Each structure stands twice: as C-alpha cells, then as structure tokens.
Amino acid sequence: MSARLPLLLRQLGRLQPPAPPRRLRELCLASGGGGGGCGGGEGLLGQRRLRDTQAGSSRGPGSRAPPARDLIVREVIQNSKEVLSLLRGKNPAFKPVLAIIQAGDDNLMQEINQNLAEEAGLNITHICLPADSSEDEIIDEILKINEDTKVHGLALQISETSFSNKILNALKPEKDVDGVTDVNLGKLVRGDARECFVSPVARAVIELLEKSGVNLDGKKILVIGAHGSLEATLQCLFQRKGSMTMSSQWKTPQLQSKLHEADIVILGSPKPEEIPLSWIQPGTTVLDCSHDFLSGKLGCSSPGVHGTGPIAEDVSLLAAALRIQNMVSSRRWFHEQQYRRWRLHCLKLQPLSPVPSDIEISRAQTPKAVDILAKEIGLLADEIEIYGKSKAKVRLSLLERLKDQADGKYVLVAGITPTPLGEGKSTVTIGLVQALTAHLNINSFACLRQPSQGPTFGVKGGAAGGGYAQVIPMEEFNLHLTGDIHAITAANNLLAAAIDTRILHENTQTDKALYNRLVASVNGVREFSKIQLARLKKLGINKTDPSALTEEEMRKFARLDIDPSTITWQRVMDTNDRFLRKVTIGQGNTEKGYSRQAQFDIAVASEVMAVLALTDSLTDMKERLGRMVVASDRNGQPVTAGDLGVTGALTVLMKDAIKPNLMQTLEGTPVFVHAGPFANIAHGNSSVLADKIALKLVGEEGYVVTEAGFGADIGMEKFFNIKCRASGLVPSVVVLVATVRALKMHGGGPSVTAGVPLKKEYTEENLQLVADGCCNLEKQIQIAQLFGVPVVVALNVFKTDTRAEIDLVCELAKRAGAFNAVPCYHWSIGGKGSVDLAQAVREAASKKSHFQFLYDVQLPIVEKIRTIAQAVYGAEDIELSPEAQSKIDRYTEQGFGNLPICMAKTHLSLSHQPDKKGVPKDFILPISDVRASIGAGFIYPLVGTMSTMPGLPTRPCFYDIDLDTETEQVKGLF
C-alpha cells in the first residue's frame, strides 16, 4: 500500500475548524490517526466510539480503544483491491468505472475520491456541474450515465437541498453504489442485502461500532435528525443486530429523556446550538453522520458536540472508502464476468394430439417477459433494448465485457437435398435447444435467420419452426420483427438512388458546376466532408483545401463516370412481386431523358443483408458497406458505395439492425434471430455476431445451434467456406436433417409440389424407396466429412413414418459414416422428443475437431469453382459462358480474385437441374454468369438461371391470413 492514504488523512485534517482543536487531535492521536483530521461525510468501513472529554469518565461496558482510522480505511481499500485482482485474474482487461456527478466545486473531495479509487485499482470519472444546477439538469446527467455501458457505478455529490425522490430514483438501481434508490432500500428491508447496495454511511456506523468492541444486541440506539434512505437503512441494520432503535428530530419535545436512555446516539444532521450537550449522558457512544457526504463537503464534528461533552466520531473518510468497496464487491460483477449454468425458468408444454396448427400452439403458450429471459441468461439491463414484451435487441458491448470468456460448442444444422416443402431444419434446431436446456439443464442458444415476408405471404409460409418446436410469438417472428429487413431495404434503395442520381447530375453539369455543388460553401466555409477526404486519398490527391485542387484533380474527384451497362446494384422490396423482375426507370420528364432497364430483388437478396450477416462489429460493417461495388466506370475500375459518398448514411440506417434480436422458444429457452441472406446468391446463414454473442453467453460447457439454408451442399458448404472463414469460429458438430419423405423422393418417388397432397408412396410404408433414396443422405454425410466435422443425422419423424422406415434410415446413415443417427419427435412433443439427439450431439462434440476449409482462397477463381463443383456436387467439370469468363477476368484484374466462392445454384438437386434427384453423376456444371459481393466478401457464380425475385402462386398464403379486429390476433400464419 502506498503512502497516499496517510496523505488523505492529512488533507482532511486541514479542513478542520481552528477551535477547539485540542480534543480533536487527542481523539485522532489516541486512535492511531497520526496528524490526520477526522474528516466529514458519509461512512466508510466502520465507525469508532467517541470518548467522554471529562477526566476519568467511563467508556461504558465492553468498550475498548477504537482501531486506528487509517488502518480501517487501509483494510477496506485492500479488500477492494483483492476483489478486483480476483476478477481480473479471469478477465485481465476488465476495469470497472465509478462515475460521480458533482454539483459545485470541491477539488479536495474530488482528489480524495480519485486517490482512494486508484489505491483500489478502480477507474473513476467526475462529472462536474454548476452548484446551482436544476433538478432536470442533474437528472439528464444521471440518465446519460445510466445508459453508458462502460460505467458500472454512479454516485451523487450534490447539496442536501437538491436531493429529491425524482433525482434519487432516476439512478439505475444496479449502479446506485450509495444505496439511495427505492429499489435498493426495498431489497434491504426485504432481507436481500446481498442483492443490493447498502448505504456506505450506515455500513460505516455499524462496522465502526463492532470494530470498537460494542455488542449491539439489546442496545438502545437513538438516531437524531436523519432523513430518507440513511434513516431507513440505519434502522434496518440496527434492528438486525438486535438493537432497539428510535428515531427523533432535534425539536422533538421528549428529546432529552430519549438522550438519557440511549446507549448509542447517531447524529444524522448537525446539532442546533440550543440543544445543550449535557443532555447526552457521560459514557454514551456518539457517531456523527451529519456531514453532507453526498454533497462532497468535508468538515469535522457537529457544532457544539465537541468541547465539554462526548466527542462525536466522524465517519467521512471511511464512508468514501466503503463506497469504493460497494463498487468493487458487488456480486453482480462476478455474475457478469464468470461462466455459470443458467437458472432458467423453462416453460411447460402440454402437447395435444392431434397436434394443433402452429399459430394455435404459439398462442397457447405465454412467453416470459424478454427482460426476465435476458437476466436469466446473464445479460445486463443496459445490454438490451426492449421491443414490446417479447423481443429485445442485444448491444454489441456484451462482446467486450465477455471477451475473455471461453466459447461454447458450435453446432450447425444442415439438411439433405430437400423437397419443395422443406425438411424441418428450423424445427430440428429449436427442438435440439429445447432438449439441451429445458430437459438436460445445459446452456444452449439457437441462432436463426430472420425470414423474408415474401415467402410468408407466398407459398412456404413462416420460418419459426413448427409444432411444439417453435420460436414464439411466431407472428412477431415472421412479421417485421424489429424492422431489420426494413432498414436493409432503406439502405439498399438509398444507394440505388445515389447511383442513378449521380449519373444524371454528371450528365447535365460541367466539371466546375459539379465540383462546386459537391463541395459547397456553408455559412461562408467550404470544406470537404470526411468521406470526401477518403475519396481524395483513394485518388492519390493529398490536399484538404477545396480551393487548392487543380482543374484535372477537380474533374477526377467530381466525376465517377459510371458505365450504366455495368450497374449491378438493384432496388429491393420484401414482397414477392414477379412484375418487378424487369422494369424501366427514369421515364419522368424531370429525369431529362436518362432512363435504363433495371430490376427489383427480394430484400433479403441485397448485399447489405449479406454484409449484416458476416460483419463482426459496427466499424467492420461500415467498412464493408463502403467497399460494396455497384458498377464499373468507363475505364473498367470498380465504383463503390464509398465513392458515392453514402457509406456513413448507410451505416446510420443500419446502426440498430446490427444488434441481434433476442426471442424464446416454446419452452422458454433463448433464441437469436438475426439476418437472413438468400441461401442461393448469398450464403444463407444467420449472423456471425449472433453466433459470437451466443457462444459467450452459453459459456464453455454450453452449445450454440445455428442453421444453414437449403441442403448441406449449399448452406453447409457456404457456412464452412465463407462464414467460418469470416468469423474464425470452428464448428464442433454437423446435425444433418433428413426425412423419410425426402428420401423416398430421392429414391424415385413421384414429384412433390407445395400445396398439392402427397401421393400414397409418401404416406404408406415403402422400404425400397427409402433405401434407394439414402444415396443422397450418404452423399451429404460425405460432404460434411470433407471439412473434418462429425455428423449426427437427425431423422425428423412424421406421423406417417413407420418404425421399419425409421430404423432403416438410422442404420444406413451409420453405415455411411455418421457418428450417430437419431429419430426426433420434437414436432409432436417438444424438446422431450429430441433428448436422444441432444445426447448424441454432446457425445459427438466431445471429440476433437479436425475442421478444415475445402480450398485455399488464393487459388484462381476458376479453380475454386471447379473444386466445389467436383468435390461437393459431384460434377465431372464446369463450363464457363463467355460472359462468366469475362467477369472472372475483370474481378481478378480488379484485385478480387482471392475472395471465397458463393455458388448460386438450385437447392432442389445436387446438380444444376432441379428434377435430377438422388446423386446425379457425369454432368457438366454450367456457369452462366459471375457476380461479386465485395462488401460481403465473396464472388458468386450463377449456375443456370437464378431468380432473385420470387413470384406469387395462384393461391398465395395471404388468402388465409387475417386479423381478428376484436382481439387483434393474427390468424392463418403457418
């Protein structure tokens, strides 16, 4: 311990009034305080007994010399330092911050707080306001600190007259280190002292008495002149020590008799001059809490208490130290920083037979309030932003807080080549986490993609799972959620508007006029914006003064010279609308004859969505958005969003969408729903950020289960080669979902069409079709094994499946190399029906991972495409169209040749032909075109014709969707 604390004692001593100094010096010297004064303010670790000044007076029974003040303070600070050291042993970068809002100038108190904090290893920040600050001004500052995730505690140093319930209760209880809020007081009174902050003044009183050898049991305590939280806390703490506590004000008529009866007197406010000191009996212990600790004013004992009667022991410095101890010893910090098994209140299921509709099941279950769920899984109140009752966004600051925590196991759910009906990957994902957490008491998180509203109102319906394995409320999951897709739509279309607008203005203005408008004078000041400076740097123009550019430099800066025929950026909307697949824009008179053919894509096909799914921070997202290539200029060079000056605006539109959305399953286990890129032209996985946050929250022994779109040949391959490459995360297990009906289709069964009843081959036992179709299952297992990850096959059981069919699939899957194969019944009975799957996943995850990528990104683009085609799809070779070859040459020349490949191919077959089921052989994979998502970070070859805007069928889902106007409940979603 440094010499700083004795220095603080001397600083406090300088504040003592000049008279009567003798007895005060005696008191401090007798207690080992050296030359330090007695200080003012609220209490620290303990209080010391005061002595009667009359010669020979008794200390009272059981009393002994009080411990030295500086030793008590040292003990408190040392204890605090040890707690922080323990915390940093597991979290080296963690350093908690205490903020003190101070109204008025008191540099000494500020220095004392700073020095005590430094001794303990605590960061402290002072917010200094004018002494005459209004209530609203103080509350404004409090609210700012409440929302600052880097600040862990908040204390007030304002005048006593400024305190009001409104100010005190503006503090977040979890940051209220002085214990003044109603919430902390309520917990204390209720007996939850370990779950709240207790006033450091009141704690100081109790500890000083006990450290002075006073047995409080049966003692008569008189608290005079205390108010509010201090009075309530003192009464509560003394009563728990067995003391008889009385409260009184200085003008109470019976005060003299009460003082004569009291063994211990606590002064909560300064003693008025008219109250004679002789009313206090010799030998009475007197402790002084009267100084305005919260205001930061330091002083000595109350006027009139010293001199000829008992000396009131002041608790100021000790109170300041106890505030530090309150700050660092909060159990909440340990819960925040250490792995623990969740104490999750799981929701009970009461499965019905026959199984009701998805929306009926969803509506029959009442979800937990999302803030309760967040608390159960270790999220702090300031780490979530609540949307309604059942959804919340999670702030990325959590990653910084838990950066030293070990990740959990990482499980991917993929599938065999599906029928148009889908085979239930989302349902298996939900069933698995319900089994892990609700039935095996293991921390687990599901990470799902947000569904597009196109399919919700089109053919497929929603994507919240199904039966008794769903995300709830399913209508909120499937409709709007928290608006992320709308934000993507707005950002995408802003960029689209910027492209055509820039072309228009360049076509209709001279170089000088264009430059003057791009770098306009505002209030007489002409300067480049930050993003314009970045463009100048990209162009090699090292100037910051707009007037210093030459005419050639102005032209280079102002003109992007976009070649309209190379524009790849399309407008988007989140509705299936086939009539927007090809449109003509710019036909209005105001567009001065500039028109061109364009198209709309479904919103989830936007590169902005792919960027959201692959980014790992706000900074990274901004950089990726700026790198998005929208066209080429007439010299063949890429034109980016950054060149158009729109990067910052796009980031603003996406600043909330980057935060994962927290929801829950039917059994009350946590789910992240975040991002939903198309699984054909993009990688079809939920966000990297959701996975990373979930892996920290579940802890080393927990599991994060995420899903890849379409079959393993598409979604899983992209998950490994694109998402894992971007995130650096290593998968532990692949769960490969299969269904009997899909295997029958691959075995030669009749075609399956959405909305059309299944043929009898699919509803009756047919072992031969099942056996023949397992070739597709075997191929998908082999694809997973290319990446060195163990495979557990999850057979999603339907009511028409027979025991013989189920046993046959599981047996053939194991023979094909699966680690295990398990039938799953979560759809009909919830997580209980996937316990066997959960146990198989745990066993597989315990094995050492041998994960590897399929190809080196440094290979030429053509070779990477060929590797995927041959190793994954089973193609004999690839065939590039002239356009595809031209694009590959251009992207390579532009420096994009080292990006991973994202194949845009039909999901209904391993080949490029949807009607080729099973395992097609000896085919040549045609590459019709090659495009680039530079911001997202991949090249995507198009295999055949690929639509990015779905259409509506003859009878879309919207025929069945309705709203009950009385109850406002949604009907018809599935």
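Above this text is the structure in question.
Heads up: these notes are all about the structure in this document. All values derive from a computational prediction rather than experimental measurement. (Residues numbered from 1 in each chain as written. Predicted model: local features only at pLDDT ≥ 70, side-chain atom pairs only at ≥ 80, totals over all residues. Heavy atoms only, no water.)

## Some thoughts on the overall build of the protein
Reasoning step 1: Regarding its fold elements, the protein presents 35 helices and 33 strands.
Reasoning step 2: Looking at the protein as a whole, 58% of its 974 residues qualify as buried.
Reasoning step 3: Taking the contacts inside the protein whose residues are at least 6 apart along the sequence as the reference set, 76% of them involve residues at least 24 apart.
Reasoning step 4: Roughly 38500 Å² of accessible area belongs to the protein as shown, and the carbon and sulfur atoms make up 50% of that amount. (Helix = DSSP H or I, 4+ residues; strand = E, 2+ residues; numbered from the N terminus. Buried < 20%, exposed > 50% of the residue type's maximum accessible area, 1.4 Å probe, protein only. Contact = heavy atoms within 4.5 Å. Areas by Shrake-Rupley, 256 points an atom, 1.4 Å probe, with all protein chains shown as cover.)

## Things to note about helix α31 (residues 803-815)
Reasoning step 1: Taking 1.5 Å as the rise per residue, α31 with 13 residues should run 18 Å; its terminal C-alpha atoms sit 18 Å apart, in good agreement.
Reasoning step 2: Of all the residues in α31, the buried ones are E805, I806, V809, C810 and A813. Each buried residue of α31 sits inside an arc of 130 degrees when the element is viewed along its axis, so together they form one side.
Reasoning step 3: Those residues of α31 that are buried lie in contact with α28 (740-746), α30 (767-786), β27 (791-796) and β28 (820-824).
Reasoning step 4: Of the residues one or two after α31, G817 is the one with positive phi, at around 115 degrees. (Expected span 1.5 Å × (residues − 1). Arc of directions from axis to C-beta.)

## A short note on the packing of aromatic side chains
Reasoning step 1: Taken as a whole and judged by the stated rule, the model has 11 aromatic pairs.
Reasoning step 2: Ring centres of F938 and Y940 lie 6.4 Å apart, and the angle between their planes is 70 degrees; on these two criteria the pair is classed as edge-to-face.
Reasoning step 3: On the accessibility criterion, F938 (1% relative accessible area) is buried.
Reasoning step 4: Site record: aromatic cluster; members linked through ring pairs are Y410, F719, F720, F787, F851 and F853.
Reasoning step 5: Across from the ring centre of F853, 4.2 Å away, lies the NZ or CZ of R725, which sits over that ring.
Reasoning step 6: Of note, K905 hangs over the ring of Y873, and the distance from its end group to the ring centre comes to 4.8 Å. (Phe/Tyr/Trp six-rings, centres within 6.5 Å; stacked < 30°, edge-to-face > 60°. Lys NZ or Arg CZ within 6 Å of the ring centre and 35° of its normal.)

## Comments concerning the pattern of salt bridges
Reasoning step 1: In total, this model carries 45 salt bridges according to the counting rule given.
Reasoning step 2: R555 is the partner of E552 in a salt bridge, and the nearest nitrogen-oxygen pair spans 3.4 Å. Here the residue E552 and the residue R555 both occupy positions in helix α22 (residues 551-558), the gap between them amounting to 3 residues, near one helical turn.
Reasoning step 3: Residue class for E552 comes out partly exposed when judged on its relative accessible area of 44%.
Reasoning step 4: Salt bridges here are not isolated pairs; linked through shared partners, they connect E385, R395, K655, D656 and K659. (Salt bridge = Lys/Arg side-chain N within 4 Å of Asp/Glu carboxyl O.)

## Re the environment of V791
Reasoning step 1: Note that V791 resides in strand β27.
Reasoning step 2: Each C-alpha atom, one on V791 and one on A840, is 9.9 Å from the other, the two residues being 49 residues apart in sequence.

## Some details on the sheet that holds strand β1 (residues 97-103)
Reasoning step 1: With parallel pairing, the 3 strands of this open sheet are ordered in space as β2-β1-β3. The open sheet has two edge strands with one neighbour each: β2 (123-129) and β3 (153-157). With strand direction ignored, the average angle separating the axes of adjacent strands in the sheet is 20 degrees.
Reasoning step 2: By the bridge criterion, 5 bridges tie β1 to β3 in an arrangement that is parallel. Within the sheet, the bridge partner assigned to I101 lies in β3 and is L156.
Reasoning step 3: Across the sheet, helix α4 (residues 107-120) is in contact with β1, β2 and β3; its angle to β2 comes to roughly 165 degrees.
Reasoning step 4: Sitting on the sheet, helix α11 (residues 316-328) touches β1 and β3, and the angle it makes with β1 is about 135 degrees. (Pairing = 2+ DSSP bridges. Axes fitted to C-alpha atoms, helices over the stretch in contact; angles between N-to-C directions.)

Everything listed is a geometric property; what it means functionally is a separate question.
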